[in-house]
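# Secondary and tertiary structure notes
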Amino acid sequence: MDLLFRPAHELHRLLRRREVGARELAEAFLARLDAVEDKVKAFVTVTRKLALEQAAAIEVRLARGEELSPLAGLPLALKDNLCTRGLRTTCSSRMLAEWVPPYSATVVERLAEAGMVLVGKTNMDEFAMGSSTENSAFFPTRNPWDLERVPGGSSGGSAAAVAAGEVVYALGSDTGGSIRQPASFCGVVGLKPTYGLVSRYGLVAFASSLDQIGPLTRDVTDCALVLQAIAGHDPRDSTSAPVPVPDYVAALGDGRLAGLKIGVPKEYFPPGIEPGVRQAVERALGYLEEAGARCEETSLPHTPYALPAYYLVAPAEASSNLARYDGVQYGYRTEAEDLRQMYRRTRRLGFGAEVKRRIMLGTYALSAGYYDAYYLKALKVRRLIKEDFDRAFGRFAVLVTPTSPTVAFRLGEKIADPLAMYLSDLFTIPVNMAGLPGLSVPCGFSNGLPVGLQIIGPPFSEALLLRVGYAVEQAAGCAGRWPALEVGSDG
Amino acid sequence: MAEYEAVIGLEVHVELKTASKAFCGCSTAFGAAPNTHICPVCLGLPGVLPVINRKMVDYALKVALALNCRIAPHCKFDRKNYYYPDLPKNYQISQYDLPLATDGYLEVEVDGRRRRIGIIRVHMEEDAGKLIHEGEALNPGAYSLVDLNRTGVPLLEIVSAPDIHSPEEAYAYLTSLKAILQYLDVSDCKMEEGSLRCDANISVRPRGSEVLGTKTELKNMNSFRALQRALAYEIERQSEILARGGRIKQETRAWDESRGVTVSLRGKEEAHDYRYFPEPDLVPLAIGEDWINRIREELPELPAERRRRFQEQYGLPPYDAAVLTASKSMADYFEACLGHYREAKTVSNWLMGDFSRLLNAHGLEPEQAPVRPQDLAELLTLIDEGTISGKIAKTVFEEMFLTGKKARTVVEEKGLVQISDEAAVLAVVEEVLAAHPGPAADYRAGKEKALGFLVGQVMKATRGKANPALVNKLLKERLE
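Keep in mind that this is a model prediction, so the values were computed, not measured.

A few words on the sheet that holds strand S15 (residues 277–278) of chain B. Residue and element names in this part refer to chain B. Strand order across the open sheet formed by 3 strands is S5-S4-S15, with antiparallel pairing between neighbours. Looking at the sheet topology across the chains shown, the edges are occupied by strand S5 (91–94) and S15. Pairing analysis gives 4 bridges linking strand S4 (residues 78–81) to S5, with the strands arranged antiparallel. The partner of Asp78 across the bridge, within S5, is Ser94.

Next comes the structure, spelled out in structure tokens:
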């Protein structure tokens, strides 16, 4: 039985009916990993032994006839900035290359309770700073659809692992698009939840006011299932919202969106957008109308200011969040003559170029004499962006946009030009700045590479986003199409 | 240097004695083995998040209300960024532009004059850890150890207005502040354990001038006396420079206790840029009227109220009331004594006199004294009953303090019961008069002073046990 590209909800059914065993499932995915990982390079750490132990525990529970939660026994991957007790958590940085956390993130605990079978920790741009996973201190990850192309980033390892069939689903983190853009590039579903819906406790911080953890999955139903497992208030995260968590799967509906008003912000279709992306998104608008929705052009006038404001707020927070990597207590350390020299050398050698670039940007933005002109001004812009969205949601239930202006680009294509790289997140950044949920759903292809449609809603409207995403998925017929990744050939 | 006036502002940091730390559940207890009261949160490990300890806010509100401050309905926490090995995150969670409380005051008394010293702000923050340096600083083998037990212990920073004009006023301010904190039972206020720390900003200006001079910041004062000495030194140093026509350099200076001088630590140009910004891991704190009212109701009687009450209820002179209420435990001890003995002024005299002297000599707090309030009351009753003289009582009290024995036991063991038997005393009086005919004649000739000598001789002969009033009476009768 071919198990690899089936969604979680199907595999759960097979497990429950004892048509497949948890061990068999884990072994199938580990065998796939063995076959393709050399090419894809999605993982920083593979936890083969742990996965088989966890699968064996599920076997025992199955044998006892226990009721399994929907994700129990399904192999998954975690982005390597999610703390896992006793298992190294590197953030793809030399700084934390050997660091083993003494505690687990809240989301990891929740998945463990749900019967987690962990295959490994995935590669990422160092400290989640980047859009291609080329900023990993270890190695770049490849896009399973075209190994010469990037998987997007910073959750590129997680997206690639799902697309390559190495795991059923994965968790990523999204500060400016780091779940949605790689989901779009790799042809998987990716959700950035509302700020505060999922606990950040145990997520190694990049920009605390923007970071959220979210799922990368094979289809929208799986996305609903994973969100169900990780969402909800956590007393250990003061910014996590004490809101009730609805039944996301029940809210998916039947693909009909009768009377739903959808806004299409014109600022998200600039002249520079790739024609194939525009066409795929426009086709998706057609699917939505066929499903009964009414799409109408609208405007979010402050959109052009989102990117520059983001590159002040996020680096400012990062400059403070990353100050703790100083060689004193844990992580990478360079011996030196005195304390200052130890600090300087440790940070010079422990961090990569992009991380240092952002620390410098952020330090500058917060410095005396510049704070008002940069950081404070950026916060004001952030409020204007939020107000744009508030106004739009007065008229529309959701907004739809392309997830990224392009499909996956070639390795090395943008690495020397940070500004070109930053533009890859042009359409995802405003969503983080406003604290809103954003869902990327595959909606078509451009030159054989996946295109993602981004659906944006008001705070805590994840159930609605999933319902709209489900309708797109039903109509677009992308689900079930996976990269060939010919095993055994020379790629 | 009388032509110069000092302008002083004090920044006091006090550790709040909440059971757990400011942003995690670790214990705040002092003196544990290094790095035992720690968890991922106070260690600042990657991925952790702070959660506000509501008890810290309760304690901070108590202090703010006792200092007559305005409580901000909305306050927030900020990050103060600087690198130091005792600060695991390399930022301190503090409060910057929206502190918990502002615009309060504290009353102090110096030379019988009462004054209000303004309080600019009261804010909450977390403490740093401790560095332990091993080996000589420039020795290649030297290294430093870090103890993070104190990291994250809640601190309150209390900033006074520049309303203080002398080292004595600074001392009085600190004493009053410490008394309030102890009455509120929110801090141990032990400078030697670091639970109370004080920095000072000081400038001088020609008397009568309204313009502020250039200030220096003083650090490293480890006692109230050290603060007073450092300020006195700095006033003289600055005044001398100005008198010579020189200029004060704006800088941070450290007090060198052994040499009794302040030395330059760093100049203005080396001052830190802390890059404060709002702490994104915490949501702003809304403090409603309900919360404030609940804390207001919990406030105990504070030193000023208690001082007034001691004057009114016990008829104590203002000086006695002020001395006794300056320390909560002394005032508690006083009132405990009054539960067993009625004469308030007598108790006050004993507490301000021998009791305080012995406490200081042994480095004890009143509640730690071997003499309990009921024991002192018993001693005073023995004097009233005439069992012992007031003079003997001092000896008895010292013995009680050293041994922990009760007054009656000491008196009996040492045979110190007063001799009030007239025949017994008279026999001694006759002996003394016979032995000292000179002074007896002097007294009869009108030299009143000679009587004192004769009384002293009788007391000596009875080893102080003769009832002094009786001795006086009998001597006079015999000399008429």
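There is more to say, and it comes next.
A few words on the domain arrangement of chain B. Residue and element names in this part refer to chain B. Split into domains, chain B comes out as domain 1 (4–294), domain 2 (301–413) and domain 3 (422–479). Taking only C-alpha atoms, the centre of domain 2 and the centre of domain 3 are 33 Å apart. Contact with domain 2, which involves 4 residues of that partner, is made by 4 residues of domain 3. In the side of domain 2 that touches domain 3, the residues fall into 1 nonpolar, 2 polar and 1 charged.

Okay, the nonpolar core next. In terms of nonpolar packing, the biggest core is built from 227 residues, with A:Leu76, A:Val398, B:Ala60, B:Ala64 and B:Val122 touching the most fellow members. If we skip the residues at most four places from it in the chain, B:Ala60 touches B:Leu100, B:Val122, B:Met124 and B:Leu156. Residues B:Leu324, B:Leu351, B:Met400 and B:Ala407 belong to the second largest nonpolar core, which totals 33 residues.

Residue and element names in this part refer to chain A. Across the sheet, 11 strands lie side by side as S1-S3-S2-S4-S6-S5-S10-S11-S9-S7-S8; this open sheet has mixed pairing. In the strand order of this sheet, the two ends are held by strand S1 (43–46) and strand S8 (294–298), each with one partner. Ignoring strand direction, the axes of neighbouring strands in this sheet form an average angle of 30 degrees. Sheet analysis places S1 next to strand S3 (residues 117–122), joined by 3 bridges and oriented antiparallel. The residue of S3 that forms the bridge with Phe43 is Thr122. Contacts from helix H2 (residues 22–40) reach S1, strand S2 (75–79) and S3 within the one sheet, and its direction differs from that of S3 by about 25 degrees. Sitting on the sheet, helix H3 (residues 48–63) is in contact with S1, S2 and S3, with an inclination near 155 degrees to S3.

Definitions and cut-offs
- Residues numbered from 1 in each chain as written.
- Chains lettered and ligands numbered in written order.
- Predicted model: local features only at pLDDT ≥ 70, side-chain atom pairs only at ≥ 80, totals over all residues.
- Pairing = 2+ DSSP bridges.
- Helix = DSSP H or I, 4+ residues; strand = E, 2+ residues; numbered from the N terminus.
- Domains from an automatic or database assignment.
- Contact = placed C-beta atoms within 7 Å.
- Nonpolar A, V, L, I, M, F, W, Y, C, P; charged D, E, K, R; others polar.
- Core = buried A, V, L, I, M, F, W, Y, C linked by C-beta atoms within 7 Å.
- Buried ≥ 20, exposed ≤ 12 C-beta atoms within 10 Å, placed from the backbone.
- Axes fitted to C-alpha atoms, helices over the stretch in contact; angles between N-to-C directions.

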